Amino acid sequence: MLEKRRELIATSPDLANLLETLVLRAQPLLVSMPPVPQVKALLSSDGGVCPRDNATLIFDPWSPDVHTCPSCHSTIQGERHHRNWARFQHLWLAERAAHLASVGVLRDNDKAADRAREILRAYQDLYFELPNQDNVLGPSHLFFSTYLESIWILNIIAAATILREGNRLAQEEIESIDRIADEAANVIGEFNEGFSNRQTWHAAALTAIAAWFGDEDLARTSIEERTGLLGHLADGFGEDGTWYEGENYHLFALRGLLTGLSWAGALGADLLDNPEIADHLRVALLAPGITALPDFTFPARKDSRFGVSLGQPMYLELWEVGRGLLHTGDDEIAAWLGALYKVPAQPAMTFESYLHEAGLPAPASRARSDLSWWSLLMMPPALTAGRPWTSESRYLRSQGLAILRRGERYLSLECGGTGGGHGHPDRLHLTLHADGIYWLPDYGTGSYVSRDLFWYRSTLAHNAPVVDGESQSGGDAVCLMFEVKADWAWVRGRYQDTERSVIAGPHYILDIVTFSEARTHRLDLPWHFAGTVEVETPGHWEPAPGMLENEFVSHAERFVAGSPGSIVLRAVSEGRQCRANLTFEGALLRARAPGAPGSGEATFYMVRGEANMVRVVTVLDLSPGGTVNEVSLEGDVVVVNCAHPDRHTPLLEGWQVETEDGVVRLAGAVRADAIPEPIITRERIERPEAHAVWIAAPPALDGTDTGFLDSEPLTMDTELQYRRSEEPFAGPEQFSAVAHLNWSEDELFLMVDVFKADTCFRPCDLPPLGLDNEADDIHSDGIQLYLARGSEVVGFLLVPESHGRGLRVSPAGGTLGESAMVRGAWTGTPEGYRITCAVRPGWTFHEHEPFDFDLLVNEMRPGRERRAGQMVWSGANGWVYLRGDRQDAKRFGALRLD
């Protein structure tokens, strides 16, 4: 393979230039061996973040201990920053090994090949010395999550394979890679995430390891099974080619998929010879162009970074390699690439899966010679963009996204599903980008370990309807109508009791949000405008304390209009304007809250109505001088007065627009959306049942069994009840629990005996762990207790105080629990410890009345940073990762009061 590639490079100016760039970029590595971290990477809320301005520190592969803030330019040191640096350094070194191996073999450069071998040798012992514990998302030696281990081993195997094929790897070095690859296969193969962007990388890594060993069975599993490469291509990328978790994870999963497919080809399994597979991959490659904003950034939908250019070199490489794998000179992909290469060059961002330009300045413009060793081996020799790239209005059925384009104007409405674990409660969110300005943005998500994650994952942070002040509770929205006809286009979507109709014409956009239900509710419609916003309508603002209660919101004010009628907002940015004519019955509010991630606070506006039927009519006018003079309502008819009045009339199955040029009728009923379902589900066979015995008087609740009556014990002592982090269940002798329940009219009483030799209770006076957004007390021995009546769920996290017999109680995430609802104590026992407590949720208990219940016991071990696992009375269903102090109410067992 390498010899054929060498011949192709000799005949291709683009590939030859890329090789020369790789040779040049290898020079610093040939002068000195870069530092190799001797620590396991750590994910924390403060590591890699400037303590002064919260900016992400610059990753410099040559500076392990001193890190620079790009904002205030101060230098920062400390263990947390070093261990954050180690995450990227381990990945960067593996990349450099593949880079150097390519230069060494394809240019017969002995120094480059030797340095690649040196990097590989640096991990022959270190990989096994760094502990596989304290992980955030799956087992890993070097990192805190399995997907990072997968990215790392892919580059290690690539470097070793190139060197081995070039006869530049000694036998003992091959054996060292054998040991690392074998262990990596065990670590990665053990943690199957089912339907996930990360699992795409796991499958790719296992395919690469199979290629290294020539293991046909491992190859067959990692390629052909439902959680393998083909399963993720078929089920992860929908019928329109879009990954179900949004553009950010589409691009990440696509890179993993392409990497895996290239390794499958190395095994002799050219899956893309199958036309159906090739066609689906081609659609997936083109999908980001369908949803791209006019400035060639991707909309920050769901858990996406904000304002990221699709002209980033990592993304350019996707389409270059994709063309190579498809073995075609695909005109449409070539046109897309041609457009991206014209996008103004930006500094390469720090991506875990692409660190090729770390520490390098941005070039004046992007070219094919900027890409990595992978492109050198995979991309076609030439790129000829024969026609310009164009994108049209589309409804993406599997994504539930309706896009209305007109020239440089981009308008979209979010319908469909939320998008799995990376989805946001933003059904019926409206996005608008026009004339180079992102007028109504989706902010995506900032850091997963920063507190503002909860703001960006709230409905209020979107241009989406909020009912009764609560973020949307889940469930899918439905796109009812979508059609483009002449100068007009429209979409109508529905989420629960709210409908949103958006009608886009040549001069303005009409937006109608309607809420209808039998009872009175409050509807809030936030507007997050770019630029500076002023109210053109005469009036004044007055403080509105208590009207916008949210931990991230401040300085709430209410607008008092000088006269009845519509209220007009005018947003101005970079000399352009967007006027919003708001017609509604209710209040106009404004407040401060986080703006785009990393930008600080911004002012947002919100329309509020309260009734059993609320309607908010908005006309967005983007014309420089303002086309729309007035908006009025005549029953259901909306009259938009421009030079000539336009009349908008809802029809039984569509929409009618009457203009001076004639009548346009829009329809376009949409069939039911297809929302992807997870490939792997772990459903228990039967729902467990707990019994509580009535008692006339409360027990002592002093850590003893005094006053408790025997009931049917709740035992937690099997592997099926254990959620682990890394090590499997050690047996009931090492960790198990038995609980008893009693009840009275207003309290539930619980006694839990935990059998565990070494108790590890987190002291209350320790500084915060600062690991992530989870409660620190989950990383301690203790219990999580849940009780539910219908949709009301109370939950608690209980940890024995390290001094005394008191219990530290906090509400469990996502529940209505309050610390004051629980009282009790604990005591040590010869086998471990006992907790006795009473829960008073404010309900009255009655014999035989059904309740839901669950009990979890957390396991902490000495010398760990994160908990080792937990026993779950209702059944474990997987690993402990990312669960925090939350337990899915659907998994609760039944509680019977006897």
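Residues numbered from 1 in each chain as written. Predicted model: local features only at pLDDT ≥ 70, side-chain atom pairs only at ≥ 80, totals over all residues. Heavy atoms only, no water.

Quick word on the overall build of the chain
Rule in force here: Each helix corresponds to a stretch of at least 4 residues labelled H or I by DSSP, and each strand to a stretch of at least 2 residues labelled E; elements are numbered beginning at the N terminus. Note on method: radius of gyration uses C-alpha positions; expected globular size equals 2.2 Å times residues raised to 0.38. We call a residue buried when its accessible area falls under 20% of the maximum for its residue type, exposed when it is over 50%, and partly exposed in between, using a 1.4 Å probe and counting protein chains only.
The number of helices and strands found in the chain is 15 helices and 37 strands. Against the compact-globule benchmark of 29 Å for 898 residues, the chain has a radius of gyration of 30 Å, which places it among compact chains. Its C-alpha atoms put the chain at 90 × 85 × 55 Å along the principal axes. Taking all 898 residues of the chain together, the buried fraction comes to 59%.

Quick look at the sheet that holds strand S21 (residues 637-641)
Paired through backbone hydrogen bonds, the strands of a sheet run either parallel or antiparallel to each other. For clarity, the threshold we go by: Between any two strands, pairing holds if DSSP finds at least two bridges. Helix axes are fitted to C-alpha atoms over the stretch in contact, other axes to C-alpha atoms as well, and angles between N-to-C directions run from 0 to 180 degrees.
With antiparallel pairing, 5 strands are arranged side by side in an open sheet as S20-S21-S22-S23-S24. A strand with exactly one partner marks an edge of an open sheet, and here the two such strands are strand S20 (630-634) and strand S24 (662-666). When strand polarity is set aside, the average angle formed by the axes of neighbouring strands in this sheet is 20 degrees. Pairing of strand S23 (residues 654-659) with S24, which is carried by 5 bridges, proceeds in the antiparallel orientation. The partner of Thr659 across the bridge, within S24, is Gly662.

Topic: the packing of aromatic side chains
To keep things clear, this is the line we draw: Working definition: rings of Phe, Tyr and Trp (its six-membered ring) pair if their centres are within 6.5 Å, and the pair is stacked with planes under 30 degrees apart, edge-to-face with planes over 60 apart, and tilted otherwise. Over a ring means this: the NZ of a Lys or the CZ of an Arg is within 6 Å of the ring centre and within 35 degrees of the ring normal.
A complete count under the given rule lists 38 aromatic pairs for this structure. Their ring planes at 5 degrees and their centres at 5.9 Å tell us that Phe306 and Tyr438 sit as a pair that is stacked. With Phe306 in the loop between helix H11 (275-291) and helix H12 (313-326) and Tyr438 in strand S7 (residues 437-440), the pair connects residues that are 132 residues apart, well separated along the chain. Ring geometry for Trp490 and Trp655: centres 6.0 Å apart, planes at 35 degrees, overall tilted. A residue pair is termed long-range when its members are at least 10 positions apart, and Trp490 in strand S10 (residues 488-495) and Trp655 in strand S23 qualify at 165 residues. Across the pair, exposure class does not vary: Trp490 and Trp655 are buried alike. One aromatic cluster in this structure is built from Tyr123, Tyr127, Phe128 and Trp152. A cation sits over an aromatic face here: Arg164 above Trp212, 3.7 Å from the ring centre. Geometry around Trp826 places Arg805 over its ring, the cationic atom sitting 4.9 Å from the centre.

As for the pattern of salt bridges
How we decide: Basic side-chain nitrogens of Lys or Arg form a salt bridge, by our definition, when they fall within 4 Å of a carboxyl oxygen of Asp or Glu.
Per the stated rule, a full pass over the model turns up 60 salt bridges. We note a salt bridge from Glu357 to Arg366, for which the minimum N-O separation is 2.7 Å. You'll find Glu357 and Arg366 in the same group, each marked buried. What emerges from the salt-bridge pattern is a single network uniting Glu247, Arg301, Glu414, Asp426 and Arg427.

Brief notes about the pairing of strand S37 (residues 893-897)
Taken across its 5 residues, S37 has 4 buried, putting it largely inside the fold. As judged from the 4 bridges shared by strand S25 (residues 689-694) and S37, these two strands associate in the parallel manner. Pairing of Ala690 across the sheet is with Leu895, part of S37. For strand S35 (residues 851-859) and S37, the ladder comprises 3 bridges, and the chain directions are antiparallel.

Focus: the environment of Tyr456
Our working definition: In this description, contact between two residues means that some pair of their heavy atoms is separated by no more than 4.5 Å. For the purposes of these results, a polar contact is taken to be a pair of N or O atoms within 3.5 Å, where, inside protein, one atom must be able to donate a hydrogen and its partner to accept one; residues adjacent in sequence count only when each atom of the pair is a side-chain atom.
Within the fold, Tyr456 resides in helix H15 (residues 453-456). Take Tyr456: its relative accessible area is 2%, and that puts it in the buried class. Discounting residues that sit within four places of it in the chain, Tyr456 has contacts with His424, Tyr443, Gly444, Thr445, Gly446, Ala461, His462, Pro594, Gly595, Ala596 and Pro597. Of note is the side chain of Tyr456, whose polar atom sits 2.7 Å from the backbone oxygen of Gly595.

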